[in-house]
Amino acid sequence: MKYCSKCHTKVMGSLIFCPLCQHELQIKDTKVEDLYPTKIQKRTNKYMLLKIFGFISSIVSIIAIFFNLILPSKTLWSLCVVGIMGFVWLSISVAIRKHRDILKYLWYQMLIISSLAVFVDMMTGHRGWSITFVVPILLTTGMLAMYLLSKILHLQVGDYMIYLLMDALFGLIPCICLTTGKLSTNIPSQICILTSIISVIGLVIFEGKNMMSELKRRLHI
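First, a word on scope: everything that follows refers to the structure included in this document. (Residues numbered from 1 in each chain as written. Predicted model: local features only at pLDDT ≥ 70, side-chain atom pairs only at ≥ 80, totals over all residues. Heavy atoms only, no water.)

## A few points about the overall build of the protein chain
In terms of helices and strands, the protein chain carries seven helices and three strands. Starting at the N terminus and walking to the C terminus, you meet the elements of the protein chain as β-β-β-α-α-α-α-α-α-α. If you take every contact in the protein chain between residues at least 6 apart in sequence, the share linking residues at least 24 apart comes to 54%. Accessible surface, the protein chain as shown: approximately 15200 Å² in total, 68% of it carbon and sulfur. (Helix = DSSP H or I, 4+ residues; strand = E, 2+ residues; numbered from the N terminus. Contact = heavy atoms within 4.5 Å. Areas by Shrake-Rupley, 256 points an atom, 1.4 Å probe, with all protein chains shown as cover.)

Quick look at the structure:
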C-alpha cells in the first residue's frame, strides 16, 4: 500500500506517482496488494449427494426386486419400491438444480409428489385416495403458497405469474375426477376448483396486461 502525503490518500498497485496530483508516492506498507481482488476458487460438489442417493436407491431397488422374485408373493411390491426411489431421486435432483428459484422448485415438487401419490395408489389397489385427497389438496396448497411467497419475497409479477397461472389451470383437473364419480368425497376437489377459478379471475383482472406481455415474451411472439 502506498500513500500520497499531498492528497492524504492511499493508493493500491504498483504506481510511482499519485494519479490525482502526480506527487511521488510513499510506501506505507511493505505488503503488496493487487488492484483487483483474487478470485477464490471454491470447489463445490453439490451433486455428490445426488450420486450417493442414486447409488443407495439402486441397491435398495435391486434388493427389493431380488426378494420379490425369490419369496412367494401375489403382488409385485418391488415395483412400488423402485418407483418411490425414483421419485425421491427426482425430487432431490430438482431441489439441487432449482434451489435458487423457489417457485419453480415448488411447482416441480407438487408435480412429483402428486405423481408419486397416484403411482402408489395404483400399485396398492387403486382405492382412489390420491385423486380424492392428495392431488386437490396439493394443488390448492400450492396456489396459496405461491401467492404468499410472491408477496413475502417481494417478487416481480413475471417471476410468479406463470407458475401461479399453470397451477390454477392444473387445479381444474379435479373437474374430470368429479365427472367419473369415483371420489369418496367431493369437498377437496370442489375447494381446489373454486380456488383455481378465483386465481385465474384475479390474474386476468389485476394482472391482465402484465400476463399477456409476459406470455408474449416467453413465447417469443
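## Considering the packing of aromatic side chains
One pass over the structure, following the stated rule, counts three aromatic pairs. Relative to F119, the ring of F87 has its centre 6.0 Å away and its plane inclined at 50°; by these criteria the two rings are tilted. Highlighted residues: F87 in helix α2 (residues 77–97) and F119 in helix α3 (residues 102–123), separated in sequence by 32 residues. Note on W107 and F170: the rings are 5.2 Å apart at their centroids and 75° apart in plane angle, and the pair reads as edge-to-face. On the criterion of sequence distance, the pair formed by W107 in helix α3 and F170 in helix α5 (residues 157–170) is long-range, its members being 63 residues apart. The exposure class assigned to W107 is buried, which follows from its relative accessible area of 5%. Accessibility expressed as a relative area gives 35% for F170, which makes it partly exposed. (Phe/Tyr/Trp six-rings, centres within 6.5 Å; stacked < 30°, edge-to-face > 60°. Buried < 20%, exposed > 50% of the residue type's maximum accessible area, 1.4 Å probe, protein only.)

## Some words on helix α1 (residues 48–70)
Along its 23 residues, α1 runs 33 Å from first to last C-alpha, staying within 8% of the 33 Å computed at 1.5 Å per residue. Taken together, the buried positions of α1 are occupied by L50, F53, G54, S57, S61, A64 and N68. (Expected span 1.5 Å × (residues − 1).)

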